[in-house]
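Listed below are the residues making up each chain.
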Amino acid sequence: MTSNAPLRLQLDGAALADNWHALDRLSGTAACGAAVKANGYGLGASDVTKRLVRAGCSDFFVATWAEASEIADLCEGRSLSVFHGVRREDMAVATESSARPCLNSAEQVQRWREAAGGPCDVMVDTGMNRLGLSVEQVKDGLLDGLKIDTLMSHLACADEPENPVNDAQYAALASLVDKTDAARVSLCNSAGITLGKKYHFDVTRPGISLYGGAQVEALAPHIRQVAFPEAQVIQRRRVEAGQTVGYGGTFRAEVATELAILHLGYADGYLRGFSGTGGTHFGDAACPVVGRVSMDLIAVSVDAAPDVKEGDWLSIDYDLPTASAQSGLSQYELLTTLGRRYQRNWNE
Ligand SMILES: *Cc1c(COP(=O)(O)O)cnc(C)c1O
């Protein structure tokens, strides 16, 4: 990560901690964990984990063993679980790790048993048809004798509170509560936390809402934006009426227009869905994106901010629910595609 980069990601550590505290409160008596997979949803796994440990979080979830290794030291004395379980290639690392695999298939269960691998988690598929053992496999005793910390399942439609799939998934997981020796049961991602107390079980696993995402209205008032991209002006220019801007000439100026060209493009995760729809600000002045987003550049109209000059910084509108609606990207994609070129600056 370059210092002195022409684009930066301002990261609000207090907002991250506040979001975790809010989700912890909303989780009632359940412990509130944190999904920090995919490099902490693009913000930096170590930086995120450090701050959540300080906030009081004790349960961390990643997807792969490489992700677990990166934060294992920070999670010492806390719980760290690897969602994708153990492939044959993972066994050497997994059996030495302080992290637990979340076992997903009969093959993974057998592999872990044969290695006498120690405590594990288990994923049960209750209707998503992605990862996990079937409810029947668990009821038939596949897990008997296994030392399980957390028995979990994952909601497919948690962002649709009225969807009956939620209650069916809840009931399927609830039917297994006494069928294993698991110390804890877990079901909720961020949106799931708002479905009600019975969904919380012992530990929740929010991800996106820690980082400023709100997939459901019920979360919006509790969640603050964490990631604020900013990009520097490389050049100012004026286009005359009738001229076009950028690839394909998709923007044609109806009247003479003042532009700034910024160091930001789809290689930085500012994808082409923002072409002609994204927003930026210089102070309070709105400077909309005009024309197509290029790999490394965007053009914005600075008619509302005539003082903008080469070297100035503009903030990129990146409130996740709004930016998602503008770009057609999910709130998850908006974070996890942020590239390597940002200088990531945490304020605390
Ligand atoms: C990613 C993930 C989460 C977190 O989901 P969010 O929607 O980001 O809150 C929780 N559980 C599992 C199994 C996941 O894969």
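Residues numbered from 1 in each chain as written. Predicted model: local features only at pLDDT ≥ 70, side-chain atom pairs only at ≥ 80, totals over all residues. Heavy atoms only, no water.

## Section: the domain arrangement of the protein
Piece 1. Here the protein is described as being made up of domain 1 (13-212) and domain 2 (227-346).
Piece 2. On a C-alpha basis, the centres of domain 1 and domain 2 stand 37 Å from each other.
Piece 3. Counting residues at the interface gives 12 residues for domain 1 and 10 residues for domain 2.
Piece 4. Summed over both partners, the interface of domain 1 with domain 2 comes to about 1000 Å²; 68% of that surface belongs to carbon and sulfur atoms.
Piece 5. Looking only at domain 1, the three residues that lose the most surface to domain 2 are Y41, L43 and I208, adding up to 47% of its buried area.
Piece 6. In this structure, the connection of domain 1 to domain 2 is made through 0 salt bridges.
Piece 7. For the pair domain 1 and domain 2, the number of links is 2 residue pairs in polar contact (both at pLDDT 80 or more). (Domains from an automatic or database assignment. Contact = heavy atoms within 4.5 Å. Buried area = accessible area lost by both parts, 1.4 Å probe. Salt bridge = Lys/Arg side-chain N within 4 Å of Asp/Glu carboxyl O. Polar contact = N/O pair within 3.5 Å; in protein donor to acceptor, adjacent residues only side chain to side chain.)

## Re the pattern of salt bridges
Piece 1. If you walk through the whole model with that rule in mind, you get 16 salt bridges.
Piece 2. The partner of E258 in a salt bridge is R236, and the shortest N-O contact between them spans 2.6 Å. Linking E258 in strand β15 (residues 257-262) with R236 in strand β12 (residues 227-239), this pair joins segments that are 22 residues apart in sequence.
Piece 3. The shortest N-O distance in the salt bridge between E258 and R238 comes to 3.2 Å. Placement of E258 in strand β15 and of R238 in strand β12 is noted, with a sequence separation of 20 residues between them.
Piece 4. Residue classification places E258 among the partly exposed positions, given a relative accessible area of 22%.
Piece 5. What you see here is one network of salt bridges that share partners, running through D59, R100, D121, D149 and R184. (Helix = DSSP H or I, 4+ residues; strand = E, 2+ residues; numbered from the N terminus. Buried < 20%, exposed > 50% of the residue type's maximum accessible area, 1.4 Å probe, protein only.)

## Here we look at the nonpolar core
Piece 1. Grouped together as the largest cluster of nonpolar side chains are 97 residues, with contacts concentrated most on L43, L52 and V122.
Piece 2. Two domains each put at least three residues into this core: domain 1 (13-212) and domain 2 (227-346).
Piece 3. Those residues in contact with V122 that lie beyond four places of it in its chain are C102, L103, L133, L143, L146, I148, T150, L151 and M152.
Piece 4. Listed in part, the 7 residues of the second largest apolar core include V239, A253, L259 and A299. (Core = buried A, V, L, I, M, F, W, Y, C linked by side-chain atoms within 4.5 Å.)

## Topic: the site of the ligand
Piece 1. Around the ligand, 14 residues are found, and the nearest of them are K37, Y41, S190, G207 and Y332.
Piece 2. One of the side-chain N or O atoms of K37 is found 2.6 Å from an oxygen atom in the ligand.
Piece 3. Backbone polar atom of I208 to an oxygen atom of the ligand: 2.8 Å apart, as the coordinates give it.
Piece 4. Its free accessible area being 390 Å², the ligand has 93% of it covered by the protein chains. (Near = heavy atom within 4 Å. Areas by Shrake-Rupley, 256 points an atom, 1.4 Å probe, with all protein chains shown as cover.)

## So, the packing of aromatic side chains
Piece 1. In the structure shown here, the tally under the stated rule is 7 aromatic pairs.
Piece 2. Between the aromatic rings of Y270 and F274, the centroid separation amounts to 4.2 Å while the plane-to-plane angle is 5°, which identifies the pairing as stacked. Here Y270 and F274 have matching classes, each one buried.
Piece 3. Relative to Y318, the ring of F274 lies with its centre 6.3 Å away and its plane at 35°, an arrangement referred to as tilted. Highlighted residues: F274 in the loop between β15 and β16 (280-282) and Y318 in the loop between β20 (313-316) and α9 (320-327), separated in sequence by 44 residues. The exposure classification of F274 matches that of Y318, with both residues buried.
Piece 4. Taking NZ or CZ as reference, R8 lies 3.6 Å from the ring centre of W313, over its face. (Phe/Tyr/Trp six-rings, centres within 6.5 Å; stacked < 30°, edge-to-face > 60°. Lys NZ or Arg CZ within 6 Å of the ring centre and 35° of its normal.)

## Re the side chain of R111
Piece 1. Topologically, R111 is positioned in helix α6 (residues 106-114).
Piece 2. Excluding residues within four positions of it along the chain, R111 makes contact with V86, R87, R88 and M91.

## A word on the pairing of β15
Piece 1. Of all 6 residues that make up β15, 5 are buried, and the element is covered over most of its length.
Piece 2. The pairing of β12 with β15 spans 6 bridges and is antiparallel. For V233, the partnering residue across the bridge sits in β15 and is L262.
Piece 3. Alignment of β15 against strand β19 (residues 298-301), held across 4 bridges, turns out to be antiparallel. Looking at the pairing, L262 lines up with I298 of β19. (Pairing = 2+ DSSP bridges.)

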